[in-house]
Amino acid sequence: MICLISLTLYLLTHYGLIELFQLDMVKVRRFLVLVQEDYHNHNPYHNSVHAADVTQAMHCYLKEPKLAKSLTSCDVLLGLLAAATHDLDHPGVNQPFLVKTNHYLAALYRNTSVLENHHWRSAVGLLRETELFSHLPTEDSLNMERQLGSLILATDISRQNEYLSKFRTHLDQEDLCLGNTSHRHFVLQMALKCADICNPCRPWELSKQWSEKVTEEFFHQGDIEKKHKLEVSPLCDSETNSIADVQIGFMTYVVEPLFAEWARFSDTRLSQTMLGHLCLNKASWNAMQPEEAEGEQAAATEEPSSRALPQGSQEC
Ligand SMILES: [Zn+2]
């Protein structure tokens, strides 16, 4: 299993951030151990492996030439910490579930970005508990906490259109200036959003496993809702949804629009490879649909491989 602790520690060292910010190694280790422990590893999807996956993807985007030459060390530190902590203490159910079950978190955050606020406040709690930034001036550490919050809150998928139209407008007007602090922060938010939902852009064998895990978590929520005679949330009913249709909808309406804009911003080999995988993976899920309609047995035994699909095709 990928270890969130060793990956994050490796990246912090790789970017020279431990030395630059004079971070105490004992505190860094303790912070990362607590982060890993705060993830619920019995969640099929929202666990520390997902956090490690997002942190790895974030590192790849931070290395993209446009970002690498403009980001400050502080941006990189915040980007990595936000990725590692962005789903901290995730309960394995979504916001509508917390709202309809009158969970205390829904009341605390007034039904708005409930999970993301909780992930952020949990991360701040661990930063303070371990005193990771206690050697920095108070104003600096408070500013780090605020920016961490702004990055984590951007991962709220229900606010996707807001971020995406702002990104699109900037790209249309060609006015993103990465020398500008707020523009840089906005691009970091977009990078974290991409990292969070990049599973459909991974090669099929990996992507498929993530899809199965996330759907397992959705269906588990649906089962709890049925058990307690609550209305079953969209995409959470295993009797009316299949992994394929959940994935095709997610790819079409959420992932493709985001990555199309990301590729306009950073038109690199990585971006084109991700769009290529996305297209192939969607075709694979589409090919599985008729079998699933006829019976799940058939679908389970005839999983098409992306190798059987036309390679290099970028048109979906
Ligand atoms: Zn996430």
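Predicted, not measured: the structure shown is a model, and the values here were computed from it. (Residues numbered from 1 in each chain as written. Predicted model: local features only at pLDDT ≥ 70, side-chain atom pairs only at ≥ 80, totals over all residues. Heavy atoms only, no water.)

Asks: I keep staring at the overall build of the protein and nothing clicks. Help me out?
Replies: Within the protein, the regular secondary structure consists of 16 helices and zero strands. On C-alpha atoms alone, the protein measures out to a radius of gyration of 20 Å, which is about the 20 Å that the 2.2 N^0.38 rule sets for 316 residues. For the protein, buried positions account for 54% of its 316 residues. Nonlocal contacts in the protein, meaning residues at least 24 apart in sequence, comprise 74% of its contacts between residues at least 6 apart. Carbon and sulfur atoms make up 54% of the accessible area of the protein, which amounts to about 15,000 Å² in all. Charged side chains of the protein number 26 positive and 41 negative; the gap between the two group centres comes to 5 Å. (Helix = DSSP H or I, 4+ residues; strand = E, 2+ residues; numbered from the N terminus. Rg over C-alpha atoms; globule rule 2.2 N^0.38 Å. Buried < 20%, exposed > 50% of the residue type's maximum accessible area, 1.4 Å probe, protein only. Contact = heavy atoms within 4.5 Å. Areas by Shrake-Rupley, 256 points an atom, 1.4 Å probe, with all protein chains shown as cover. Lys, Arg positive; Asp, Glu negative; His and termini not counted. Charge placed at Lys NZ, Arg CZ, Asp CG, Glu CD.)

Asks: It is not clear to me how the coordination of the zinc ion should be interpreted in this structure. Could you clarify?
Replies: Metal coordination angles in their ideal form are 109.5 degrees for the four-donor tetrahedron and 90 or 180 degrees for the six-donor octahedron. Within the protein, the zinc ion binds to H50 (NE2), H86 (NE2), D87 (OD) and D196 (OD); these donor distances fall in the range 2.0 to 2.2 Å. Around the zinc ion sit four donor atoms; with metal-centred angles ranging over 86 to 172 degrees, the donor geometry is irregular. Given the relative accessible area of 0%, H86 is considered buried. Among the residues examined, D87 registers a relative accessible area of 6% and is labelled buried. (Donors = N, O, S within 2.8 Å, 3.2 Å for Na, K, Ca; no water. Tetrahedral: all angles 85-135°; square planar, octahedral: opposite > 155°, others 65-115°.)

Asks: Before we go on, may I ask you to explain the UniProt feature "active site" (unreviewed entry) in the protein in this structure?
Replies: UniProt records the feature "active site" (unreviewed entry) at H46, using the numbering of this structure. With respect to the helices, strands and loops of the structure, H46 is situated in the loop between α3 (25-38) and α4 (48-62). With relative accessibility at 15%, the residue H46 sits in the buried group. Apart from residues lying up to four places away in sequence, H46 is in contact with Y39, H40, D87, H90 and E217. (UniProt positions renumbered as here; feature names shortened; annotations may be inferred.)

Asks: Where do I start with the layout of surface pockets in this structure?
Replies: A water-sized probe rolled over the atoms picks out the places where empty space is left. Looking at the largest pocket, its volume works out to about 1,000 Å³. For the lining of the largest pocket, the secondary-structure elements that each account for two or more residues are α7 (95-100), α9 (114-130), α13 (204-227) and α14 (243-265). Broken down by element, the lining of the largest pocket gets its largest block of residues, seven residues, from α14. Residues that form the lining of the largest pocket fall into these classes: 17 nonpolar, 16 polar and six charged. There are two domains that each give the lining of the largest pocket at least three residues, and those are domain 1 (1-196) and domain 2 (199-316). (1 Å grid on protein atoms, 1.4 Å probe; cavity = no way out; pocket = protein on both sides within 12 Å on 5 of 7 lines; lining within 4 Å. Points joined across faces, edges and corners; volume = space filled by probe spheres on them. Nonpolar A, V, L, I, M, F, W, Y, C, P; charged D, E, K, R; others polar. Domains from an automatic or database assignment.)

Asks: Hey, could you run me through the nonpolar core in this one?
Replies: Generally speaking, nonpolar side chains in soluble globular proteins are found buried as a group. Ranked by size, the top nonpolar core spans 81 residues in total, and within it Y61, F133, F259 and W262 carry the most contacts. When residues of this core are assigned to domains, at least three fall in each of domain 1 (1-196) and domain 2 (199-316). Grouped together as the second largest cluster of nonpolar side chains are eight residues, F97, L98, L105 and L115 included. (Core = buried A, V, L, I, M, F, W, Y, C linked by side-chain atoms within 4.5 Å.)

Asks: Even after reading the chapter, I still don't get empty space enclosed by the protein, so can you show me in this structure?
Replies: Scanning the model with the defined rule gives one cavity of 30 Å³ or more in all. One number sums up the size of the largest cavity: a volume of about 30 Å³. As for the largest cavity, its lining consists of T155, I157, Q160, K193, D196 and I197. Taken together, the residues of the lining of the largest cavity sort by class into two nonpolar, two polar and two charged.

Asks: Explanation requested: the state of the cysteines in the structure shown.
Replies: Any covalent bond linking the sulfur atoms of two cysteines counts as a disulfide. Summed over all chains, the structure comprises zero disulfides. No disulfide involves C60; its nearest neighbouring cysteine sulfur is the one of C198, lying 8.4 Å away. Cysteine C74 shares no disulfide, and the gap to the nearest cysteine sulfur, in C177, comes to 18 Å. On the basis of relative accessible area, C74 is assigned to the partly exposed category, the value being 25%. (Disulfide = S-S within 2.5 Å.)

Asks: Sorry if this is basic, but what is going on with the UniProt feature "binding site: AMP" (unreviewed entry) in the protein here?
Replies: Per the UniProt annotation, the sites labelled "binding site: AMP" (unreviewed entry) are H46, N47, S48, V49, H50, D87, D196 and Q247. Lining residues of the largest cavity drawn from the annotated set just named are D196. Examined against the element boundaries, N47 turns out to sit in the loop between α3 and α4. Residue classification places N47 among the buried residues on the basis of a relative accessible area of 8%. Residues contacting N47, with those up to four places away along its chain left out, are Y39, H40 and N41.

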